[in-house]
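Here's the letter readout for the chains.
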Amino acid sequence: MELNVKRIARKDGYTIGRLFINNEYFCDTLEDTDRGLKDTMQVNEILAKKVKAQTAIPTGKYDVILTFSPRFKRVLPLLLSVKAYEGVRVHAGNTNKDTEGCLLVGENKAKGQVINSRATLEKLMSILLECEKRKEKVTILIE
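All of these numbers come straight from a predicted model, not from anything done at the bench.

> So what's going on with the pattern of salt bridges? Which residues, and what values?
Within this structure, the stated rule accounts for nine salt bridges. Between arginine 7 and glutamate 31 there is a salt bridge, with its nearest N and O atoms 2.8 Å apart. Of this pair, arginine 7 sits in strand E1 (residues 2–11) while glutamate 31 sits in strand E3 (residues 24–31), and the two are 24 residues apart along the sequence. Note on glutamate 31: relative accessible area 0%, which makes it buried. Within the structure, one salt-bridge network assembled from shared partners comprises Arg7, Arg10, Glu31 and Asp34.

Rendered as structure tokens:
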């Protein structure tokens, strides 16, 4: 299964995107500030531009697995091999204060926020758990 996040609004302090599943719109996303990082950059280049806990992950394609998150005390999607980042997950939250480089899912119906995040995450998790049962590989492309 292919997830795709198309960043559509790069604002001061946050980034709004659209999440597609197999090319079909699923929900909106909220991330930290997009500072122009790309997965083709060297780690030292990323670290030179990255502001800890305030920077969206580099654009690129990542494998996604479901693992238990000690922080959230539940199974959540984890993006693998994100240069200069650790523990990048897709999870619930409403503002850029709720993310430290992770992707928040929901509906962008308020400036700089997503709402209905928990319900949206549960819908996404049911889809991803079905993929896991079928042993289907999941990737995410961040654009």
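The rest of the description comes next.
> Go over helix H2 (residues 117–133) with me, naming the residues and quoting the values.
A rise of 1.5 Å per residue sets the reference length of H2, with its 17 residues, at 24 Å; its end C-alpha atoms lie 24 Å apart and thus fit the reference within 8%. Three or more residues of H2 are buried, namely Ser117, Thr120, Leu121, Leu124, Met125, Leu128 and Cys131. Along the long axis of H2, the arc covered by the buried residues comes to 135°, so they all point the same way. For H2, exposure combined with an orientation more than 90 degrees from the buried face picks out Arg118, Lys123 and Lys133. Directly after H2, the chain includes lysine 135, whose backbone phi takes a positive value near 55°.

Quick notes on the rules
Residue numbers here run from 1 along each chain, matching the order of that chain's written sequence. Residue-level local features of this predicted model are given only where pLDDT is at least 70; pairs of side-chain atoms are given and counted only at 80 or more, and the full residue set underlies all totals for whole chains, interfaces and linings. In computing side-chain values, all of the structure's heavy atoms are included and hydrogens and water are not. Note on definitions: salt bridges are taken to be side-chain nitrogens of Lys or Arg within 4 Å of carboxyl oxygens of Asp or Glu. Numbering of helices and strands runs from the N terminus, with a helix taken as a DSSP run of H or I at least four residues long and a strand as a DSSP run of E at least two residues long. Here's how the labels work: a residue is buried when its accessible area is under 20% of the maximum for its type, exposed when over 50%, partly exposed in between, all with a 1.4 Å probe on protein chains only. What a helix is expected to span follows from its residue count: subtract one and scale by 1.5 Å. The directions considered for the arc are those from the helix axis to the C-beta atoms.

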